Amino acid sequence: MKAMETKDLTLGYGETVIIDELNLEIPKGEITVFIGGNGCGKSTLLRSMARLLKPQQGSVVLEGEMMSKIATKEVAKKLAILPQGPVAPEGLTVLQLVKQGRYPYQNWLKQWSEEDERKVQNALESTGMSALADRHVDSLSGGQRQRAWIAMTLAQDTEIILLDEPTTYLDMTHQIEILDLLFDLNEKEQRTIVMVLHDLNLACRYAHHIVAIRDKKVYAQGRPEDIVSCELVKNVFEMSCQVTVDPLFGTPLCIPHGKGRCIVQQVTKNQNADVG
Amino acid sequence: MNKYTPFRMRNSFSFLIDRKSLSINMVFFVLLLGSAIVVIGLGEQFISPLKVVAVLFGNGDPFSTLIVNSFRLPRIIIAMLVGICLAIAGAILQGVVKNPIASPDIIGITGGAAAAVVLFLNLFSTDSGTLTVSIDWLPLAAFTGACIVSILLYLFAWQGGVSPVRMVLVGIGMWAFTKAATTLLLIMGPIHQQSQANIWITGSVYGASWEGVRILFPITLILFFVTIVMIRMINIQEFGEDVATSVGNRVQLSRFFLLLVSTALTGSAVAFGGGISFVGLLAPHIARRLVGSSFGALIPLSAFIGAILVLISDTIGRVVFLPLEIPAGVFTAAVGAPYFIFLLYKQRNVG
């Protein structure tokens, strides 16, 4: 079952084409991750799927309807996006931030219904931010701040959540914290999650479905264990590597070739030299 | 969550009230009323606050009643309304542009009004300096000037949409242009008009009358109400275009309407208060430090602080230098300009 799809989607600015007649299906209830080299257009693609960018040609289809034909407020009840590096106004508390997620369900007279209150409380609990609700967003750590933003996205109560590089600029602990949170949300609430991630190995570990973007089109898509191979990494990232199996999770683990202190046995060293 | 109180009535309306912000607003409201009552009594003839209250309730002695009702009250009311309009206009603009330095004067709206006023005085004066049309048309000229600059601002900043950065850049251009135009018109015009024009440009509520109140009061009330209805829209603008679009806000439409309301407020204020500057910058700033960035609390508080600012500036100009009258704009600039410089200095390291 598909939550969303694109049909011959072409994106660009002026004369420049970034995505060219791209066809893609996003599976419902799963975690999908876009991967690709820098500047390949994966962020642009994600943003267009959240109607932040108008297609030059083609369309994005949400629940069977062309997204451009659906009122933006209605789209907001079905799909939420957390953009890269979001900025909150100064002096805002976590609660004030998360409240904004209820925007599509409110009007000028009804700004805090019981349902609003419940959804915001749930969002704060799911992200472990209940105790920090009255803290100022600027006073939080990077991981906490990102969790606050995710709480806002959760409060929007959408089936589909898009996240543009939610873990960039976070240290390893907080990266895992965020990805674990998203994984839980997908498992417990069956939300469809689509992310752009830079770390291929984390993508393999957390994603049910990977979409590799290259040359303005989809190079490959499928389960990580089915499509991630040396050849894919060579073609998409222009890097040679060795793909083994993650000892904890069993998902593909990509180890790039190149320089570095090599302290394994001589035999393995020769193998590296042959391929590298 | 214990700082907040939900306020609901049977599914027809619901609000979340921040108790601290509400208290601060109430304090400043009382402060405003108190200041107004005291200030009404100040002038060549001192009238004690108690007597002022008596007059306001219709129980005053004939002498005090005459002074208060005929001379002072309309001026005080206009001063407060001008302060309210400018403060709200500034708050809205700062929300849309996402820059705490934005205000209607800095993007040239006030300058446009000034240029229009000087043009009006030039066009409709005889060589001896008397006006050929009623001075009652002056507010309309000011309002028109403000609107024209706003339209130009929007048009020049339009490129598939209007972005905050472009608005500020074009705005600064408009500020410079209107300043130059005003100076040129001043120099070209009859010399007798210059001092009158200059007083207007500095900003003064000297010519306040009940006629003015009858026009400005309902306008302010309506625009205040419209702003309150738009508060959710302003709040979400501050999160940037991406987040606003994600939650279903129509960003371009919101920006257009908010700029419209801000212009209407500024135009109305300058029509009756002249080119009073810095209120639209100072009031929302001070308010923000007290209640934060949530516009539900920020808009009323900015309004109260703006009213107090203009009231006090006008009073100092009216009372301290008797028998001279110094325009209120001198004092708003005296406080506002150093504060603005201080703000720019603070922002110098910020991206």
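If you're wondering where the values come from, they're calculated on a predicted model, not measured in any experiment.

**Quick look at the nonpolar core**
In this structure, Val98 of chain A together with Val82 and Val117 of chain B are the most contacted members of the largest nonpolar core, which totals 182 residues. Ranked by residues supplied to this core, first place goes to helix α3 (residues 62-97) of chain B with 21 residues.

**Some thoughts on unusual backbone geometry**
Most peptide bonds take the trans form, and the phi angle of most residues other than glycine is negative. Along the chain, Leu322 of chain B connects to Pro323 of chain B via a cis peptide bond; the corresponding omega equals 0 degrees. The topology assignment puts Pro323 of chain B in the loop between α13 (295-320) and α14 (328-346). Here Asp8 of chain A, not a glycine, exhibits a phi torsion of approximately 50 degrees, which is positive. You can see Asp8 of chain A is positioned in strand β1 (residues 2-13). Of note in the backbone geometry, Glu21 of chain A takes a positive phi value of approximately 45 degrees without being a glycine. Within the element layout of this structure, Glu21 of chain A appears in strand β2 (residues 16-27). In this structure Glu21 of chain A comes out as partly exposed when scored by C-beta crowding, with 14 C-beta atoms within 10 Å.

**Points about the interface of chain B and chain A**
Across the boundary between the two partners, chain B contributes 25 residues, which contact 33 residues of chain A. Counting residues per element, the ones that place at least two in the side of chain B that touches chain A are β2 (13-18), α9 (231-237) and α10 (241-246) of chain B. Here the residues of the side of chain B that touches chain A sort into 10 nonpolar, 10 polar and 5 charged.

**Notes on the sheet that holds β1 of chain A**
Residue and element names in this part refer to chain A. As summarised here, the arrangement of the 4 strands in space is β2-β1-β4-β5, forming an open sheet in which the pairing is antiparallel. Strand pairing shows two members of the sheet lacking a second neighbour, β2 and β5 (65-66), which therefore form its edges. By the bridge criterion, 2 bridges tie strand β4 (residues 57-62) to β5 in an arrangement that is antiparallel. Directly across from Val61, in β5, lies its bridge partner Met66. Lying over the sheet, helix α1 (residues 42-49) contacts β1, β2 and β4, oriented at roughly 120 degrees with respect to β1.

**Thoughts on the UniProt feature "domain: ABC transporter" (unreviewed entry) in chain A**
UniProt annotation of "domain: ABC transporter" (unreviewed entry) refers to residues 4-240 of chain A when read in the numbering used here. Helix makes up 36% of residues 4-240 of chain A and strand makes up 26%, while its end C-alpha atoms are separated by 33 Å.

Cut-offs applied
- Residues numbered from 1 in each chain as written.
- Chains lettered and ligands numbered in written order.
- Predicted model: local features only at pLDDT ≥ 70, side-chain atom pairs only at ≥ 80, totals over all residues.
- Core = buried A, V, L, I, M, F, W, Y, C linked by C-beta atoms within 7 Å.
- Buried ≥ 20, exposed ≤ 12 C-beta atoms within 10 Å, placed from the backbone.
- Helix = DSSP H or I, 4+ residues; strand = E, 2+ residues; numbered from the N terminus.
- Contact = placed C-beta atoms within 7 Å.
- Nonpolar A, V, L, I, M, F, W, Y, C, P; charged D, E, K, R; others polar.
- Pairing = 2+ DSSP bridges.
- Axes fitted to C-alpha atoms, helices over the stretch in contact; angles between N-to-C directions.
- UniProt positions renumbered as here; feature names shortened; annotations may be inferred.

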